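Tertiary structure, described
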Amino acid sequence: MLEVIDVPIYHDIYMEPIPVLTSLTVLPQSVILGLSGTYSFTAMGYDQYQRAMGEVECNWSSTIGTITTGIFTAPNTVTSGIITAATGTIQGTASVIVRQLTIIKLSPQTIYTRQNEVFTIDIDMADIVDLLGAKVVLSFDKNKIRAETVTGGDFFSQEANLQLFTTVDNNQGIVEINGARFATSGVTGSGTLYSISFTSISADCSGTITISEVELRDVNLAFISAGGKYPAVIRGRLLGDFGQEHSVEIPDNKIDFEDLVLFAFYWNTNNLKGDIASTRTTGTAPTFTYEPDGKIDFEDLVYFAAMWNWDHNKGKMGRERLKVGKVPVTAIVKLKTVKVDENEVCVDIVVENVTDLLAAHLILGFDVDKLELVTIASPAVSFVNKEQPGQVDINLADLDGKFTAGGSIVRLTFRPKSPMPNDQLPIFIISVDLRNTQTKRIPTYIVPISTFATDLTRAYSYPNPYLPSQHKQGITFAELTAEAQIRIFNIVGELIYDSGMINTISPGTFNWLAVNQSGRPVASGIYIYLITNNEGQKKTGKVGIVR
């Protein structure tokens, strides 16, 4: 059973006084503006307990310039003054300093770039006084460029320990940089605050990088108002587009004589501005990827030539493009003796069996004790390196279609140091790299300068395999003795063709047109050849025919 206890309960009730506006604070407390600059101030009210009451409507006044409802306009002179906000007898103040306008901008204001290229943007300041801290936010197109690294500028970090707190958000296309100087003074003058590196990630990288937010403080924590905020404009840059008229190194979206001159200058001086391509370069003109490799060589020449041809044919190569699935053509490269006498030896480098030759890299060797290289002539643009004795490195690019179909592409002239027999020229091909108009390698077979062999030890045939539709000259047997006999057998040993003992063509060659003894074309397959001579020597081998 519950017992009810009747006990009186007493409550003390405390009623808090109604908040009363007792003070005003003008925000910000200190501002530095440029001439005729504007700034929006606010007045925050506080009650008797110093608790914020929010923004208060006030009467505004200023000792300099003009102010209306908190929006202050500075005079067009260097000066300083006081901003006052008042309501009744309660007022608050802030200080204003008027100086030359502080400019913040991105530099350079125009960037020419291409896919995979790295470029750097500087955030520059002009006419700053006692800068202590700077916050800058940049915005960019996340689908076209990617922000990489941020570093402090020499201007902002001078004589100070500069601390950076950086946020790079490539998913949003934003870079936020917060920096402060840990030093006894701020920095005054003009220079670079920060530097940011970007990578172009799109074939079409045109766009802008903008300054979306800036906050600057001086050593007294005053807000510094910045003007300008000039953005940077990004423009696409063609591979090989180096400069404008009079060799000014500013791209102009075309590949012309100025670019050729600059490329030649870069090549001759080993200036890496000409390093535009490498074996990693992919794509087709005009959207080749930019893949520098730290050197200027044949790869750079190949892609410059491809871009030249693209530009000068208004986006079309002007030549038959390679068809998808087309069997690669094997080009024949050989040395051809043009002239040999006591005063001069002339040798041509001849390319056969090509239809779309764009560029060639040829390394030749010669006996420096017997020959002195005098001249190198070519219908193509050529870059030659003769630094290694007894060796010449020739880089050729076809800019006007003069050797697209092959033929003689280089003529070398030597001065003999002693009598030079026609059949004993000490000149040889070390390596060959041919490229077609799509910058692809052309399979190549090298035919050296040869003479009538004294035996059949080095006898061989080419091309192998033989494609009648592409190799019009037939199958060549080389390094033969002056007299030789070539017999061809099928895979089961049946005699298909017999040349009989013949006088071979100088210098020791014989061409078989892949026909049988009746002159009819033989079928595709593997054939065995037997070469013999009147000395009882012999040489065997195999050759493939693909029809």
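Computed from a predicted structure; not experimentally measured. (Residues numbered from 1 in each chain as written. Predicted model: local features only at pLDDT ≥ 70, side-chain atom pairs only at ≥ 80, totals over all residues. Heavy atoms only, no water.)

As for the overall build of the protein chain
Broken down by element type, the protein chain carries 3 helices and 38 strands. Its C-alpha atoms give the protein chain a radius of gyration of 40 Å, more than 25% over the compact-globule value 24 Å for 547 residues. Seen along its three principal axes, the alpha-carbon backbone of the protein chain occupies a region of about 140 × 90 × 40 Å. Out of the 547 residues belonging to the protein chain, those deemed buried represent 45%. (Helix = DSSP H or I, 4+ residues; strand = E, 2+ residues; numbered from the N terminus. Rg over C-alpha atoms; globule rule 2.2 N^0.38 Å. Buried < 20%, exposed > 50% of the residue type's maximum accessible area, 1.4 Å probe, protein only.)

Quick word on the pairing of strand S16 (residues 174–182)
A one-sided burial pattern is seen for S16, the buried positions being Val 175, Ile 177, Gly 179 and Arg 181 and the unburied ones Ile 174, Glu 176, Asn 178, Ala 180 and Phe 182. For strand S13 (residues 118–139) and S16, the ladder comprises 7 bridges, and the chain directions are antiparallel. Looking across to S16, one finds that Lys 135 is bridged to Asn 178. The pairing of strand S15 (residues 161–169) with S16 spans 9 bridges and is classified as antiparallel. (Pairing = 2+ DSSP bridges.)

With respect to the confidence of the model for the protein chain
Any residue range with low pLDDT should be treated as having predicted coordinates unsuitable for detailed reading. Across the protein chain, the average pLDDT comes to 87, with 91% of residues at or above 70. Within the model, the stretch residues 315–327 combines pLDDT values under 50 with 26 contacts to residues more than four positions away or in other chains. (pLDDT = per-residue confidence, 0-100. Contact = heavy atoms within 4.5 Å.)

Here's the deal with the sheet that holds strand S3 (residues 38–40)
Ordered in space as S3-S8-S7, the 3 strands form an open sheet in which the pairing is antiparallel. Only two strands of the sheet have a single partner each, and these edge strands are S3 and strand S7 (66–68). Direction aside, the axes of adjacent strands within the sheet are offset by 15° on average. Pairing geometry for S7 and strand S8 (residues 71–73), over 3 bridges, is antiparallel. In the strand pairing of S8, Ile 67 is matched with Phe 72. (Axes fitted to C-alpha atoms, helices over the stretch in contact; angles between N-to-C directions.)

Some words on the nonpolar core
Ranked by internal contacts, the top residues of the largest apolar core, which has 36 residues, are Ile 104, Ile 123, Leu 131, Leu 193, Phe 198, Ile 209 and Leu 216. Here the element with the most residues in this core is S13; it accounts for 9 residues. Residues within four places of Leu 131 in sequence aside, it is in contact with Phe 156, Arg 181, Gly 186, Val 187, Leu 193, Leu 216, Arg 217, Asp 218 and Ile 224. (Core = buried A, V, L, I, M, F, W, Y, C linked by side-chain atoms within 4.5 Å.)

Observations regarding a nonpolar patch on the surface
Taken together, Ile 491, Val 492 and Ile 526 make up a surface patch of nonpolar side chains, about 310 Å² in accessible area. Examined against the element boundaries, Ile 491 turns out to sit in the loop between strand S33 (483–489) and strand S34 (495–498). Taking relative accessible area as the criterion, Ile 491 reaches 58% and is therefore assigned exposed. (Patch = residues over 30% accessible without salt bridge, like charges linked within 9 Å, V, L, I, M, F, W, Y side chains within 5 Å. Areas by Shrake-Rupley, 256 points an atom, 1.4 Å probe, with all protein chains shown as cover. Salt bridge = Lys/Arg side-chain N within 4 Å of Asp/Glu carboxyl O.)

Re unusual backbone geometry
The phi torsion of most residues other than glycine is negative, and most of the peptide bonds are trans. With omega at -10°, the peptide bond leading from Leu 27 into Pro 28 counts as cis. With respect to the helices, strands and loops of the structure, Pro 28 is situated in the loop between strand S1 (23–27) and strand S2 (30–34). Of note in this structure, Glu 159 is not a glycine but carries a positive phi near 55°. Tracing the sequence through the fold places Glu 159 in the loop between helix H1 (154–157) and S15. The backbone of Glu 479 sits at a positive phi, close to 60°, despite the residue not being glycine. Under the relative-accessibility criterion, Glu 479 is labelled buried at 8%.

Some remarks on the side chain of Ser 30
Tracing the backbone through its elements, the reader meets Ser 30 in strand S2. Within the local environment of Ser 30, its side chain forms a polar contact with the side chain of Ser 95, the two groups lying 3.1 Å apart. Those residues in contact with Ser 30 that sit more than four places away from it in its chain are Ser 95, Ala 222 and Phe 223. (Polar contact = N/O pair within 3.5 Å; in protein donor to acceptor, adjacent residues only side chain to side chain.)

Remarks on the sheet that holds strand S28 (residues 407–416)
Overall, mixed pairing links the 5 strands, which are arranged S25-S28-S23-S22-S30 in an open sheet. Two strands bound the open sheet, and with one partner strand each, they are strand S25 (371–377) and strand S30 (444–447). Recorded for the sheet is a direction-independent mean angle of 25° between the axes of neighbouring strands. Sheet topology note: the S25/S28 ladder contains 6 bridges and is antiparallel. The residue of S28 that forms the bridge with Glu 372 is Arg 415.

Some points on helix H2 (residues 257–269)
Over its 13 residues, H2 runs 18 Å from end to end, which matches the ideal 18 Å to within 8%, given 1.5 Å per residue. When H2 is considered as a whole, its buried residues turn out to be Glu 258, Asp 259, Leu 260, Leu 262, Phe 263, Ala 264, Tyr 266 and Trp 267. Residues of H2 that are buried sit in contact with helix H3 (298–312), strand S26 (381–385) and strand S27 (391–397). Residue Asn 270 follows H2 closely and has a positive phi angle near 55°. (Expected span 1.5 Å × (residues − 1).)

Observations concerning the packing of aromatic side chains
Evaluation of the coordinates by the stated rule reveals 21 aromatic pairs. Between Tyr 39 and Phe 41, the aromatic rings sit 5.5 Å apart at their centres with planes inclined by 55°, giving tilted as the arrangement. Taking the relative accessible area as the measure of exposure, Tyr 39 reaches 23% and is therefore partly exposed. Counting every residue linked through ring pairs, the aromatic cluster contains Phe 242, Phe 263, Phe 265, Tyr 266, Trp 267, Phe 304, Trp 308 and Phe 383. One residue, Arg 217, lies across the ring of Phe 223, its end atom 3.8 Å from the ring centre. (Phe/Tyr/Trp six-rings, centres within 6.5 Å; stacked < 30°, edge-to-face > 60°. Lys NZ or Arg CZ within 6 Å of the ring centre and 35° of its normal.)

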